[in-house]
Amino acid sequence: MKTDNCITRKFIMCCLIISIFKVSEAQLPGISESIAKHRQGELIIKANPGDQITIEQLSHEFWFGCAISNSIVGSSMSENDKRQYKENFLKNFNSAVTENAVKWGNMERVKGEIDYTVVDGILKWTEENHIPLRGHNIFWGVPNFVQPWVKELDDNSLRQTLQNRAETLTKRYKGRFAEYDLNNEMIHGNYYEDRLGPEITKQMAQWAHNGDPDAKLYLNDYDILTGNKLADYMAHIRKLLKQGVPIAGIGAQGHLHGETFDRIQLKNALDSLAVFKLPIRVTEFNMPGQRSRFYNDRTISLTAQEEELKAGELVDYYKICFAHPAVEGILMWGFWEGANWIPVSSLYKRDWSKTPAADAYQNLIYNEWWTKKSGKAGETGIFSTAAFYGKYKVTVGGTSRETILTKTSGKVVVDFTR
């Protein structure tokens, strides 16, 4: 009887999730049309009439990324796992964010003893493989994550220490990080503002730009896409913009849901953030998320049925984000059970076997959202096709050329007649 009740509860839960999905599909029509409108441009090939043309996409402009574990540097990960981690990262992702390496508490646990080893190692690998890397983060003012020695400083020393941290980091890595999270999760805790006043965020940005004038500085916070803290975040962004803080983009973490998520609320949150006309990145995605039972008990495994549901939830989340014109990327917060804070949210099991979510993700990115076309130039010598924004190899006859179709330009012409 107890087993029957358990099965019944699981069945009801699955039906509920499926019903949520069906309702959301009805309430959010036009996802495919939005993707075609906002993620595709025109690729035009000029050749001789009748020439055979092949178009092969090499990469996306949109960021499909993931956090990089500190373990790829040093000896804490086995050489076999390290090899597989790197191979599968490159197989799945075109961008990255440091999970822990850049955090001040990791780099300078003891005052004056700064360890650049892990950051240097990760940057070396990402640069060798042409992976743009986010620096997460320059500051993190949630009190629990501020080092004890920092809290012991008097106000003048604290201000000088913050300036030194920002200037030293951005100067050392000038031009190497694609962007930084300036001061992480400010609406959930802002120790530095509490100590030094409301202008400190602007000063942090100025100090970061002293080291690297071109550094792109993002905000980053959580419980935004659920709607729970959306109003607070909107007010926070307005305040910083009014102060003149040079915000380059908006980060919104994507792991505060449970085993499923509210499709309508996700789109509404993205629509709301888009009013600032700043690029949006979904910076920390897990499915299941932090409000699932799998976060508090890391020993639980997913059933086969739950793995399939997870795959469907991931696909829907990505579709809504990819369809939104303001979103420029989505980054998972771990992809392998051996290095993921919510292990069951991974694409790969501990033994590197694939989950259904891995297949669903790869089909989405490299099949459904991937342009591969062939045909012949028409009577005027023109071959034109819709294509996802990104990098391409175009071949006419035996000659190949590479080109980049950007969202900014909307179209690109590759002329083989010259």
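Here, the structure is the one placed above.
One structure accompanies this document, and this report is about it. Quick caveat, the model's predicted, so the values are computed rather than measured.

What counts and what doesn't
- Residues numbered from 1 in each chain as written.
- Predicted model: local features only at pLDDT ≥ 70, side-chain atom pairs only at ≥ 80, totals over all residues.
- Heavy atoms only, no water.
- Helix = DSSP H or I, 4+ residues; strand = E, 2+ residues; numbered from the N terminus.
- Buried < 20%, exposed > 50% of the residue type's maximum accessible area, 1.4 Å probe, protein only.
- Contact = heavy atoms within 4.5 Å.
- Phe/Tyr/Trp six-rings, centres within 6.5 Å; stacked < 30°, edge-to-face > 60°.
- Lys NZ or Arg CZ within 6 Å of the ring centre and 35° of its normal.
- Arc of directions from axis to C-beta.
- Polar contact = N/O pair within 3.5 Å; in protein donor to acceptor, adjacent residues only side chain to side chain.
- Pairing = 2+ DSSP bridges.
- Axes fitted to C-alpha atoms, helices over the stretch in contact; angles between N-to-C directions.

**As for the environment of Ala 377**
- Relative to the assigned elements, Ala 377 resides in the loop between β13 (372–376) and β14 (382–388).
- Ala 377 gets classed as buried once you look at its relative accessible area, which sits at 6%.
- Remark: the alpha-carbon pair of Ala 377 and Val 396, spanning 19 residues in sequence, is separated by 9.5 Å.
- Apart from residues lying up to four places away in sequence, Ala 377 is in contact with Ala 47, Asn 48, Pro 49, Gly 50, Asp 51, Ile 53, Ile 382 and Phe 383.

**Notes on the packing of aromatic side chains**
- Enumeration over the complete set of coordinates arrives at 33 aromatic pairs.
- Ring plane angle 80 degrees and centroid distance 5.8 Å describe the contact between Trp 104 and Phe 139, whose orientation is recorded as edge-to-face. Of this pair, Trp 104 sits in helix α4 (residues 104–107) while Phe 139 sits in strand β6 (residues 139–140), and the two are 35 residues apart along the sequence. For the residue pair Trp 104 and Phe 139, the accessibility class agrees, reading buried in each case.
- One residue, Arg 172, lies across the ring of Tyr 116, its end atom 3.7 Å from the ring centre.
- If you follow Arg 281 out to its NZ or CZ, it ends over the ring of Trp 63, 3.6 Å from the centre.

**Thoughts on unusual backbone geometry**
- The omega torsion across His 136 and Asn 137 is 0 degrees, close enough to zero to call that bond cis.
- By the element assignment, Asn 137 lies in the loop between β5 (133–135) and β6.
- Here Met 287 and Pro 288 are connected by a cis peptide whose omega angle stands at 0 degrees.
- Inspection of the secondary structure assignment puts Pro 288 in the loop between β11 (280–285) and α12 (293–296).
- With a phi angle near 60 degrees, His 130 is a residue other than glycine that sits in the positive phi range.
- With respect to the helices and strands, the residue His 130 is situated in the loop between α5 (117–128) and β5.
- Since its relative accessible area comes to 70%, His 130 is described here as exposed.

**Here's the deal with helix α11 (residues 263–273)**
- What α11 keeps buried is the set Arg 263, Leu 266, Ala 269, Leu 270 and Leu 273. Buried positions in α11, seen along its axis, are confined to an arc of 130 degrees and lie on one side of it.
- Two or three places before Ile 264, at the opening of α11, Asp 262 has a side-chain oxygen 3.0 Å from that residue's backbone nitrogen.

**So, the sheet that holds strand β17 (residues 411–415)**
- Here we have 3 strands laid out as an open sheet, ordered β14-β1-β17, and mixed in their pairing. Looking at the sheet topology across the chains shown, the edges are occupied by β14 and β17. Geometrically, the sheet is characterised by an average inter-axis angle of 20 degrees between neighbouring strands, direction not taken into account.
- Across 5 bridges, the pairing between strand β1 (residues 40–46) and β17 is parallel. From the neighbouring strand, Lys 46 faces β17, where its bridge partner is Asp 415.

**Side note on the sheet that holds strand β15 (residues 390–396)**
- Strand order across the open sheet formed by 4 strands is β13-β2-β15-β16, with antiparallel pairing between neighbours. In the strand order of this sheet, the two ends are held by β13 and β16 (399–405), each with one partner. Pairwise comparison of adjacent strand axes, ignoring direction, gives a mean angle of 20 degrees for this sheet.
- Where strand β2 (residues 52–60) lies against β13, 5 bridges are found, and the strand directions are antiparallel. Considered in β13, the bridge of Glu 56 is made with Lys 372.

**Thoughts on the pairing of strand β12 (residues 327–332)**
- When you tally the buried positions in β12, you get 5 out of 6 residues, the bulk of the element.
- When strand β3 (residues 63–68) meets β12, the two strands line up parallel, connected through 4 bridges. Residue pairing for β12: Phe 64 is matched across the bridge by Ile 330.
- Examined bridge by bridge, β11 and β12 share 4 bridges and lie parallel to one another. Among the inter-strand pairings, Ile 280 is bridged to a residue of β12, identified as Val 327.

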